[in-house]
Amino acid sequence: MKQYVQDVLELVKRRNAEQTEFLSTVKEVLTTVVPLLEENPRYRDEKILERMVECERIIIFRVPWQDDKGEIQLNRGYRIQMNSAIGPYKGGLRFHPSVNLSILKFLAFEQVFKNALTGLPIGGGKGGADFDPKGKSDNEVMHFCQSFMTELCRHIGPNVDVPAGDIGVGGREIGYLFGQYKRIRDSYDAGVLTGKGVDYWGSLARTEATGYGLLYFVKNMLDDKGIDIKGKTVVVSGSGNVATYAIEKAQAFGAKVVTCSDSNGYVYDPDGIDLAAVKEIKQVRRGRIKEYAQTHPKAEYHEGCKGVWTVKCDIALPCATQSEIDLESAKALVANGVQAVGEGANMPSTLDAIAYFQENKILFAPAKAANAGGVATSALEMAQNSERLQWTFEEVDERLHRIMKNIYESAKRNAEKYAAPDDLVAGANIAAFKKVADVMLAHGLV
Ligand code: NDP
Ligand code: 2IT
């Protein structure tokens, strides 16, 4: 089976040359499911691997819009409809200048397995554009979102494909996107997007869900080893949606978070990050994290984001973007005594960094399990939209708790059965792969 997986990986390389991010995630998943293939050769005989790595559909489109000066701007929009075995395609939209096919295909591939782990009826997709919301006025962002949705609206729907936020897409963008969808389709299909405002059918706790869910997962992992999160020093990267609510819940658990960052640099606050100040800078003023040091004399600001991993800590929570922890950063973290790493971002650790953590017996919570709380709560938003009701914050949070515990236990169980007891990377991949693969077999050759 190892040879078979190698052959499939060669094929994927040939057909997707230069798509480094996509090739990296495919390699991670496929190499860890070998024991499962040995147990059930039907997955090989019916070419499940080959089918899974091929997107069901890719949509690429032109997004023309006018800026505040009246000049015409052009961006490229995408939607990757990766796998609909378990439910409608589901996954976020990313607006960032780095967006390309490789990044979106990696995110869509991850999303398929992440969504399967939630236990909720959602397939996997991802989309976005190489649009940079930074420095744009609200008016420009609105015009961009409207043009983007004018094309996207014919490819999505509550039972077809349900986008949400990701980097550069938050409540403001979802609002503009939903407004345009509603106008064009002339139908209040609330379940077509998630992450909506709570006054127009959004779910309470969706904003907090990814960061909170990450901490619920990490706490389960630590509790299992008899390690108390209270009093631990935590390093967080990023200062967007995931980072903000990861910090909030880590602090609520009694941990001390000493850093956060953006794409320009990081702040280190020995007194613990003042989250109200971060929210004011990032959510209200849409400013830079550098500004934090201007009002917090004890805090240090450092240019460049990689340095954040040289800060001594017990727990590291990468919550910014892909490949932010490379082998060198992993070595720095281990040398400084890190005990656990929890991935809030998607694929923030490179494959060699993960291998290094595992060799050094660092507890490692992989992204597709640890950050699944966001999309799980999106699925809860879809459920509330279907029944035209809104659950309380406590009810959604309680369900999120249970979902994250189930994901942890399922990853752990499969790690013990098929790999090594603490190998949650393999455990999560196997649990998710099995579910998607079995449904694909049940559906026949489609
Ligand atoms: P936001 O746009 O809210 O925040 C992103 C943060 O990461 C910002 O602080 C941003 O800094 C920083 N960042 C972005 N790109 C880079 C880069 N290339 N280098 C360094 N820093 C960077 O996004 P989210 O918090 O929603 O997403 C963060 C991560 O979490 C992503 O990997 C996303 O895919 C993942 N994720 C998000 C979920 C969600 O529900 N939102 C769910 C699951 C995973 P700056 O402002 O300078 O750009
Ligand atoms: O990466 C992710 O899981 C997300 N950006 C959330 C997707 C969603 O549909 O809520």
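Everything that follows concerns the structure shown earlier in this document.
Residues numbered from 1 in each chain as written. Chains lettered and ligands numbered in written order. Predicted model: local features only at pLDDT ≥ 70, side-chain atom pairs only at ≥ 80, totals over all residues. Heavy atoms only, no water.

## Observations concerning the overall build of the protein chain
Stage number 1. On a plain count of helices and strands, the protein chain comes out with 18 helices and 13 strands.
Stage number 2. Taking 446 residues into account, the globule formula puts the C-alpha radius of gyration at 22 Å, and the protein chain, at 21 Å, falls close to it.
Stage number 3. Along the longest, intermediate and shortest principal axes, the C-alpha atoms of the protein chain span 60 × 55 × 45 Å.
Stage number 4. Classification of the 446 residues of the protein chain by burial places 57% in the buried group.
Stage number 5. Within the protein chain, counting contacts between residues at least 6 apart in sequence, those at least 24 apart form 72% of the total.
Stage number 6. When the accessible surface of the protein chain is split by element, carbon and sulfur atoms take 49% of a total near 18000 Å².
Stage number 7. Mean positive and mean negative side-chain charge positions of the protein chain (55 and 58 charges, respectively) differ by 2 Å. (Helix = DSSP H or I, 4+ residues; strand = E, 2+ residues; numbered from the N terminus. Rg over C-alpha atoms; globule rule 2.2 N^0.38 Å. Buried < 20%, exposed > 50% of the residue type's maximum accessible area, 1.4 Å probe, protein only. Contact = heavy atoms within 4.5 Å. Areas by Shrake-Rupley, 256 points an atom, 1.4 Å probe, with all protein chains shown as cover. Lys, Arg positive; Asp, Glu negative; His and termini not counted. Charge placed at Lys NZ, Arg CZ, Asp CG, Glu CD.)

## Focus on the site of ligand 2
Stage number 1. Lining the immediate surroundings of ligand 2 are 14 residues, of which K90, K114, D166, R206 and S378 lie closest.
Stage number 2. Contacts to ligand 2 include K126, whose side-chain N or O atom sits 3.0 Å from an oxygen atom.
Stage number 3. Bound to the protein, ligand 2 loses 93% of the 290 Å² it would expose on its own.
Stage number 4. Those elements that place two or more of their residues in the shell around ligand 2 are β3 (89-95), α6 (101-117) and α16 (373-387).
Stage number 5. In the shell around ligand 2, the residues fall into two nonpolar, seven polar and five charged. (Near = heavy atom within 4 Å. Polar contact = N/O pair within 3.5 Å; in protein donor to acceptor, adjacent residues only side chain to side chain. Nonpolar A, V, L, I, M, F, W, Y, C, P; charged D, E, K, R; others polar.)

## A word on the packing of aromatic side chains
Stage number 1. Enumeration over the complete set of coordinates arrives at 19 aromatic pairs.
Stage number 2. Aromatic side chains F178 and Y188 sit 5.3 Å apart centroid to centroid with 65° between the ring planes, which places their arrangement in the edge-to-face category. Taken as a pair, F178 in helix α8 (residues 171-185) and Y188 in the loop between α8 and α9 (206-224) lie far apart in primary sequence, 10 residues in all.
Stage number 3. Note on F178: relative accessible area 3%, which makes it buried.
Stage number 4. Assessed through its relative accessible area of 40%, Y188 is described here as partly exposed.
Stage number 5. Each ring, one from F357 and one from F364, has its centre 5.8 Å from the other, and the planes form 25°; the classification is stacked.
Stage number 6. Judged by its relative accessible area of 0%, F357 is buried.
Stage number 7. In this structure F364 comes out as buried when scored by relative accessible area, which is 3%.
Stage number 8. Each residue in the set F61, W65, F95, F131, F144 and F148 is aromatic and connected to the rest through ring pairs, giving one cluster.
Stage number 9. Taking the ring centre of F131 as reference, the NZ or CZ of K136 above it sits at 5.3 Å.
Stage number 10. Positioned above the aromatic ring of F253, the side-chain terminus of K249 is 5.9 Å from the ring centre. (Phe/Tyr/Trp six-rings, centres within 6.5 Å; stacked < 30°, edge-to-face > 60°. Lys NZ or Arg CZ within 6 Å of the ring centre and 35° of its normal.)

## With respect to the site of ligand 1
Stage number 1. Contacts to ligand 1 come from 27 residues, most closely from D166, T210, S263, R288 and N346.
Stage number 2. Between ligand 1 and N241, the relevant distance is 2.9 Å, taken from an oxygen atom to a main-chain nitrogen or oxygen of the residue.
Stage number 3. One of the side-chain N or O atoms of R288 is found 2.6 Å from an oxygen atom in ligand 1.
Stage number 4. Contact with the protein chains covers 85% of the free accessible surface of ligand 1, which is 880 Å².
Stage number 5. At the level of elements, α9 and α10 (241-252) are the ones that each hand at least two residues to the shell around ligand 1.
Stage number 6. Considered class by class, the residues forming the shell around ligand 1 number six nonpolar, 13 polar and eight charged.

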